[in-house]
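Breakdown of the fold
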Amino acid sequence: MLFLVNSPLGDVPVWTEPYEDISLSPDKPKTSRNLIVDTLILKDLEMAASLANPALNNVFEANVGGTYALQMDVAMWKKDYQLAKDAYDKLMALKKYSLEPTATWKNLFIAPASTKESIWSVYWDWTLDGGAEVSTLIGAGNTNSDFEVEDSVWTYWTTTVSDIRGPQTIDFKNTSHDKFLKFYAPNLNASGNQVYPNGAEANILFPIYRWADIVLLRAEAANKLNDPGTALSLLNQVRARAGVTAYRADSLNNQTIMESAILEERKLELYMEAKRWFDLLRTDKVIEVMDPILRRRQIQRNSPATGWGDPRTILWPIHRNVLNANTKLEQNPPY
């Protein structure tokens, strides 16, 4: 389901019944994303919510709060902002969630079961589940990471020292800018440097949904519903918790500026939580945001500044093996 929601097109073949007769062709054409969302995903979420026990709140298992959060996420992708507000209201009615205090923000990533901000998190214990190798992506003791901090983010957090999220998210002492300590408890050696686990020995408690994510989605929906007062209030709740100055209403005086501020706050608050790319897709801002970044990087590497190129390449190609296995599939243009 998340594949369908978190993609710019999301058209895929759909099976709602088991394939049990090999005399029938298994080939199916794509079904439109909108039809899948409206007739399958939203209905499944409604059923899941009706069957869930609101009294149960294990953040490491599917729960009613996670179901409502998913409903809100889907509504935002549909650009149905009233539906998103309705899902938010259902979450509020549970009276379970609130922003974690500033002083214990780190608990969201090292002890999510202890905080009222956590809605739904992944629990991975390498001693029980084996090595997930997640730390090789974000910071491991035995290898360089696959990611580096983007220049504008590094500059913001190294100059905005009041923001408590920066030093608890990225490792400022790492000159390669490729170590992320967000998901690790402080573990300093004698020199005061963070000690990272090896790739196969990392416990990762990864948030799928938490309250700050929901609050900022609600701010985004309020902005689209022409309710800038609510959008500003919610946005400033997250900023206040982070220790940064609140926005004034006169500085975010139109819908476009307000949306940009909310998305910027989501970028910082939810950094390394696999939200940014999908935020850009959902708000149709991939080219607007990524093209200048790609051009700058191409110039830095003495390459032609071609930028993003064909906007259709936002969607990846379908692998040849998949096309061969299902003759009714059509390749995504322009591949």
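Residues numbered from 1 in each chain as written. Predicted model: local features only at pLDDT ≥ 70, side-chain atom pairs only at ≥ 80, totals over all residues. Heavy atoms only, no water.

On to the packing of aromatic side chains. Going through the model one piece at a time under the given rule, you end up with 13 aromatic pairs. With 5.7 Å between their ring centres and 85° between their planes, Trp154 and Phe172 make a pair best called edge-to-face. With Trp154 in helix H8 (residues 151–159) and Phe172 in the loop between H8 and strand E2 (204–210), this pair connects stretches of sequence that are 18 residues apart. Linked through ring pairs, Trp105, Phe109, Phe183 and Phe206 together constitute an aromatic cluster. Stacked on the ring of Trp15, the Lys or Arg Lys28 has its end atom at 4.6 Å from the ring centre. Sitting over the ring of Tyr247, Arg239 keeps its end group 4.1 Å from the ring centre. (Phe/Tyr/Trp six-rings, centres within 6.5 Å; stacked < 30°, edge-to-face > 60°. Helix = DSSP H or I, 4+ residues; strand = E, 2+ residues; numbered from the N terminus. Lys NZ or Arg CZ within 6 Å of the ring centre and 35° of its normal.)

A few words on the pattern of salt bridges. Side chains carrying opposite charge are able to pair once their charged atoms draw close together. One pass over the full model with this rule turns up 27 salt bridges. For Lys79, the salt bridge goes to Asp284, with nearest N and O atoms at 3.4 Å. Of this pair, Lys79 sits in the loop between helix H3 (64–78) and helix H4 (81–94) while Asp284 is found in the loop between helix H12 (276–282) and helix H13 (286–300), placing the two residues 205 residues apart along the sequence. Taking relative accessible area as the criterion, Lys79 reaches 37% and is therefore assigned partly exposed. (Salt bridge = Lys/Arg side-chain N within 4 Å of Asp/Glu carboxyl O. Buried < 20%, exposed > 50% of the residue type's maximum accessible area, 1.4 Å probe, protein only.)

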